[in-house]
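# Examination of the molecular architecture
In case you want the letters, here they are:
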Amino acid sequence: MQSLAALFVKDLYYRLKVVPLFIPPLRERREDIVPLALDLLQQFNRELKKRFTGLTPGAAELLQNYPWPGNIRELKNVIERTMILAAEGDIDAAALPEEIRDYARGGSKNGSGDTAASDLDVSPTGRQLVSLRELEDDYIQEVLAATGNDKTHAARILGIHPTSLLRRLKKEQAE
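Below you will find a few notes about this structure. Only a predicted model underlies this, so the values are computations on that prediction, with no experimental measurement involved.

Conventions adopted
- Residues numbered from 1 in each chain as written.
- Predicted model: local features only at pLDDT ≥ 70, side-chain atom pairs only at ≥ 80, totals over all residues.
- Heavy atoms only, no water.
- Helix = DSSP H or I, 4+ residues; strand = E, 2+ residues; numbered from the N terminus.
- Buried < 20%, exposed > 50% of the residue type's maximum accessible area, 1.4 Å probe, protein only.
- Core = buried A, V, L, I, M, F, W, Y, C linked by side-chain atoms within 4.5 Å.
- Contact = heavy atoms within 4.5 Å.
- Axes fitted to C-alpha atoms, helices over the stretch in contact; angles between N-to-C directions.
- Parallel < 35°, antiparallel > 145°, perpendicular 65-115°, else oblique.
- Left-handed = near helix turned anticlockwise from the far one by under 90°.
- Nonpolar A, V, L, I, M, F, W, Y, C, P; charged D, E, K, R; others polar.
- Expected span 1.5 Å × (residues − 1).
- Arc of directions from axis to C-beta.

Let us now look at unusual backbone geometry. The phi dihedral of Lys49 falls on the positive side, at around 55 degrees, and the residue is not glycine. With respect to the element layout, Lys49 can be found in the loop between helix H2 (30-48) and strand E1 (52-55). For Lys49, a relative accessible area of 71% gives the class exposed. Notably, Trp68 is not glycine yet its phi reads approximately 50 degrees, a positive angle. Note that Trp68 resides in the loop between helix H3 (57-65) and helix H4 (71-85).

See the structure below:
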């Protein structure tokens, strides 16, 4: 016999499933990172009774270039941790957690936010090392070629939703 809570959760799930929403990950919405960070800053100002005023341009750039594997939860944790540990005022790049600063130090950045290739980026076999993004883009093109540019079939092979593939291709064309 199912508990009342289990029935409630099941009912809630089906009520929410009426209109499914796809929200792209934060790394695909870089223009949203700084406004979200500033909103979180104001929220934590109230909760923590602090007086932070914003982000320096350097801090904003570091936040925008970071890949955010933990999505909005990670951004929220980074802002809260920084506000707990830093002096009030504008949050500068030095106040951000080490993993954010270390990511930026991983190499020089080109216009797309990917690490620029150098002569040192070669595997022991002599093969040029590329970013995961470049590798994915090349593979997507390979799958599209193999399927005769059938995007639905290619998405099925890639294990992603066709809209995700279309969004990815559109973004690739814009770059």
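Ranked by size, the top nonpolar core spans 23 residues in total, and within it Leu63, Trp68, Ile79 and Leu96 carry the most contacts. Breaking this core down by element, the ones donating at least two residues are H2, E1, H3 and H4. Considering every element that reaches this core, the biggest residue donor is H2, with 6 residues. Here Ile79 is in contact with Ala37, Leu40, Leu41, Phe44 and Leu63, once residues within four sequence places are set aside. Formed by 7 residues, the second largest nonpolar core is a distinct cluster that contains Ile140, Ala154, Ala155 and Leu169.

For any two helices packed against each other, the geometry is given by the interaxial angle and the distance between the axes. Closest axis-to-axis distance for the helix H6 (residues 132-146)/helix H8 (residues 162-174) pair is 12 Å, and the angle between their directions is 115 degrees. The orientation of H6 with respect to H8, classified from their angle, is roughly perpendicular. Here the hand of the crossing between H6 and H8 comes out left-handed. Across from Arg133, Glu136, Asp137, Ile140, Gln141 and Leu144 in H6, the residues of H8 making contact are Leu165, Arg168, Leu169, Lys171 and Glu172. A class-by-class count of the residues in the contact of H6 with H8 yields 4 nonpolar, 1 polar and 6 charged.

Turning our eyes to something else, we now look at H4. Helix length check: H4 (15 residues) gives 22 Å between terminal C-alpha atoms against 21 Å at 1.5 Å per residue, within 8%. Those residues of H4 that fall on the buried side of the exposure criterion are Glu74, Leu75, Val78, Ile79, Thr82 and Met83. Taken end-on, H4 shows its buried residues confined to a sector of 165 degrees, consistent with a single buried face. In H4, those exposed residues whose orientation departs by more than 90 degrees from the buried face are Arg73 and Leu85. Against the buried residues of H4 lie H2, E1, H3, strand E2 (89-91) and helix H5 (98-105).

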